[in-house]
Structures are given as C-alpha cells and as structure tokens.
Amino acid sequence: MPRAKRSRHNEEVNEPLPVTRSVDYGTAKLMPDVDRRRAWLLTVDGAPQSYVDLDEPTHLEFEYARRLGHVLDTVADAGRALDVLHLGGGALTLPRYLAATRPGSRQDVVEADRGLTELVVEHLPVADGDGVRLHCGDAREWLEAAPDDSVDVLVADVFGGSRVPAHLTSVGYARHAERVLRGSGVYLANLADAAPFAFLRSQLATYATLFEELVLIAEPGVLRGRRFGNAVLVAAHKPLDTAALARLTASDAFPARVEHGYALREFIGGARPVRDEDAVPSPEPPDGAFSIG
C-alpha cells in the first residue's frame, strides 16, 4: 500500500492536498499519491480502505483488490458487460475497474456510510455514463430486498472499522446472496483472518452449504499462519477457471495461492456453518496489521 512520500512534485502550485472529514463511522482521509498525478488513498480511522487512480482505473494498488480483479477478469469472456452488486463502496475502486474492463456493465453499490459516499462523490466522482449507481443502506437489508436472479456477480467488501460485521457472516446472509445471483453467477468476498483460521474456515463451511464450487485466494504466508491478512473467498455453482486464476495470482508482486477441491476441504476440516444466532464479526486485526503511519 502507498506510504507517505516526498518529491519535487510537492513544490508544484497545484499540488493536491489531503482532505479529512468526519463521516458516519469514523474519520475519513483522502491522501494524494505524489508519484501518480491523480491517485488517492482513502483511509478511515487510519486503516486503508481504497486506492484509486482516476487516470488509470485498471490500476489496483492493494493486493486483495488485484485478486478480486483477477476473479472478475475470469468470470466471463473478456469485455462482456455484467450486472454487478457491490456490498461496500469505499472509493469505488472495483466499480471503476469494471467500468473500464467491461464497458456497459450495470453496477449497484451499497454503502452504509452516507458521509463517506458524499466525500468520495465530491472529490473522486465516477464518470457519467459508467453505469454505476450508488445507494446508502445496510448491506444485508439491501440484499434481502433485492430480486431473485438479478445479478451476475456479487462483491462483498464490507468492514465495520476493520472487521466484517456479524450479520454478514451467516448462512441466512449467504442464502440471500445465492438467491440474488443468477445460475451462472459468482460471489466474491474480501475477508481477513489469521491462524488457526476459525473465522475463515467457518465462512467456507457456510458457503459450502449453498454452492458447489469454492475457491480461496491468499498469500502463502497468511495460509501458513505466519501473519494476519486478507483472503478472497469465491463461490459459484459452475466450475471456476482455477488454472487461469493461479497464473494471474502467481504473477503478482506478492504471489498468492489458489486453493480449491480436496485441499480446500482439508482446510475447512470440521468447521461448521454459521447460524444467525451464533454469528460474530471477523477477528480484530493485530495492531499495525492494516494501519499506516
């Protein structure tokens, strides 16, 4: 992720300045990246949320975002427009990416933090005609009201602070995600955990009750229990192109592993699906896991 940097560009008269604002769920800050003319890092309470390059929307700075991007690149023929529902908006990194890589896609973005959405729209607006519609509301409530078989892809990247909210971790929530997806649809979620992976295993067990195909993408160091980190969960009824995903993720600056089939069943082990009455948020990251100076 980008760090604070200094260069001669800082001396330019038109240098973009950081923007700080109190939003509904904390303090948001937009910080310009001096090495990319119109690129911005969004943080909330010091934790990185999104990175956007307005001149190059296909640039995905965060490793987990690139892995989500790889999945989005492989779920359908290149360039084919899709109907997509994003739960969690941030600075709209992935909606911008899809608008560039799959023109004509229809995208709905649901973000609970109205103040954050207003900040992003004011300073980092989405281009007219990109097919991105913004909505303020609770992710699960929106999902429960969404029509059956209405989207090709559902992307869940929802964090309350630095934790996935409990009501977005249960079979009840997953059942609505499966209902809203078309038969060939794909569910993607950005999750975070560390060994012994009680949360991550329970999430995989939850989606295994509804979907035939599961994939997990994460750095080897995370999967070996060496550190806390992000993992991308992918669920579908149709086979996923795991060979293509393995090639793409292996070529990243921070290569990841693509787990599926027998190896993933072994990873799940005896974990049980999560009921609504037993749901808990994802674990609290250790100090410094995602924060920046």
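A. Main features of the side chain of Thr242. Tracing the chain through its elements places Thr242 in helix H8 (residues 242-250). Thr242 sits in the buried class, given a relative accessible area of 18%. For Thr242, the residues in contact, after removing those within four places along its chain, are Val215, Val258 and His260.

B. A look at the pairing of strand E2 (residues 26-32). Both strand E1 (residues 19-23) and E2 contribute to a ladder of five bridges, which runs antiparallel. Looking at the pairing, Arg21 lines up with Ala28 of E2. Connecting E2 to the antiparallel partner strand E3 (residues 39-44) that follows it, the hairpin turn spans six residues.

C. How the structure looks around the packing of helix H1 (residues 63-74) against H8. Interhelical geometry of H1 versus H8 gives an angle of 145° and a closest axis separation of 10 Å. For the pair H1 and H8, the crossing hand works out as right-handed. Between H1 and H8, the residues in contact are Arg67, His70, Val71 and Thr74 and Ala244, Leu245, Leu248 and Thr249, respectively. Here the contact of H1 with H8 is built from residues that sort into four nonpolar, three polar and one charged.

D. Fine view of the side chain of Asp108. When you line up the elements, Asp108 lands in strand E6 (residues 106-111). What makes Asp108 buried here is its relative accessible area of 16%. One polar contact links Asp108 to His135, side chain to side chain, over a distance of 2.7 Å.

E. View of empty space enclosed by the protein. Counting across every chain of the model gives three cavities of 30 Å³ or more. For the largest cavity, the calculated volume is near 80 Å³. Every residue along the wall of the largest cavity is listed here: Ala156, Asp157, Val158, Val164, Leu168, Tyr173, Tyr187, Ala189, Asn190, Leu191, Gln203 and Tyr207. Mapped by element, the contributors of at least two residues to the lining of the largest cavity are strand E9 (181-193) and helix H6 (198-208). Top contributing element to the lining of the largest cavity by residue count: E9, with four residues. Partitioned by chemical class, the residues of the lining of the largest cavity number nine nonpolar, two polar and one charged. Empty space within the second largest cavity amounts to approximately 60 Å³. If you trace the second largest cavity, you find it lined by Gly89, Gly90, Leu92, Val109, Glu111, Thr117, Val120, Val121, Leu134 and His135. At three residues, the largest contribution of residues to the lining of the second largest cavity is made by helix H3 (residues 114-123). Across the lining of the second largest cavity, the residue classes tally to five nonpolar, four polar and one charged.

F. Layout of the pattern of salt bridges. Evaluation of the coordinates by the stated rule reveals 19 salt bridges. A salt bridge links Arg36 to Asp53, with the shortest nitrogen-to-oxygen separation between them at 2.8 Å. Taken as a pair, Arg36 in the loop between E2 and E3 and Asp53 in strand E4 (residues 47-53) lie far apart in primary sequence, 17 residues in all. With relative accessibility at 21%, the residue Arg36 sits in the partly exposed group. Note on Asp53: relative accessible area 6%, which makes it buried. Two residues, Arg67 and Glu219, come together in a salt bridge whose shortest N-O distance is 3.5 Å. Taken as a pair, Arg67 in helix H1 and Glu219 in the loop between strand E10 (213-218) and helix H7 (220-223) lie far apart in primary sequence, 152 residues in all. Look at Glu219 and you get buried, because its relative accessible area is 14%. Residues participating in the shared-partner salt-bridge network are Asp83, Arg106, Asp152 and Arg182.

G. Broad picture of the nonpolar core. Grouped together as the largest cluster of nonpolar side chains are 39 residues, with contacts concentrated most on Leu87, Leu154, Tyr187 and Tyr207. Top element by residues in this core is H6. It accounts for five residues. When neighbours within four sequence positions are excluded, Leu87 is seen to be in contact with Val110, Ala139, Leu143, Leu154, Val155, Ala156, Asp157, Val158 and Tyr173. With 30 residues, the next largest nonpolar core counts Leu68, Ala76, Val186 and Val258 among its residues.

Analysis parameters
Residues numbered from 1 in each chain as written. Predicted model: local features only at pLDDT ≥ 70, side-chain atom pairs only at ≥ 80, totals over all residues. Heavy atoms only, no water. Helix = DSSP H or I, 4+ residues; strand = E, 2+ residues; numbered from the N terminus. Buried < 20%, exposed > 50% of the residue type's maximum accessible area, 1.4 Å probe, protein only. Contact = heavy atoms within 4.5 Å. Pairing = 2+ DSSP bridges. Axes fitted to C-alpha atoms, helices over the stretch in contact; angles between N-to-C directions. Left-handed = near helix turned anticlockwise from the far one by under 90°. Nonpolar A, V, L, I, M, F, W, Y, C, P; charged D, E, K, R; others polar. Polar contact = N/O pair within 3.5 Å; in protein donor to acceptor, adjacent residues only side chain to side chain. 1 Å grid on protein atoms, 1.4 Å probe; cavity = no way out; pocket = protein on both sides within 12 Å on 5 of 7 lines; lining within 4 Å. Points joined across faces, edges and corners; volume = space filled by probe spheres on them. Salt bridge = Lys/Arg side-chain N within 4 Å of Asp/Glu carboxyl O. Core = buried A, V, L, I, M, F, W, Y, C linked by side-chain atoms within 4.5 Å.

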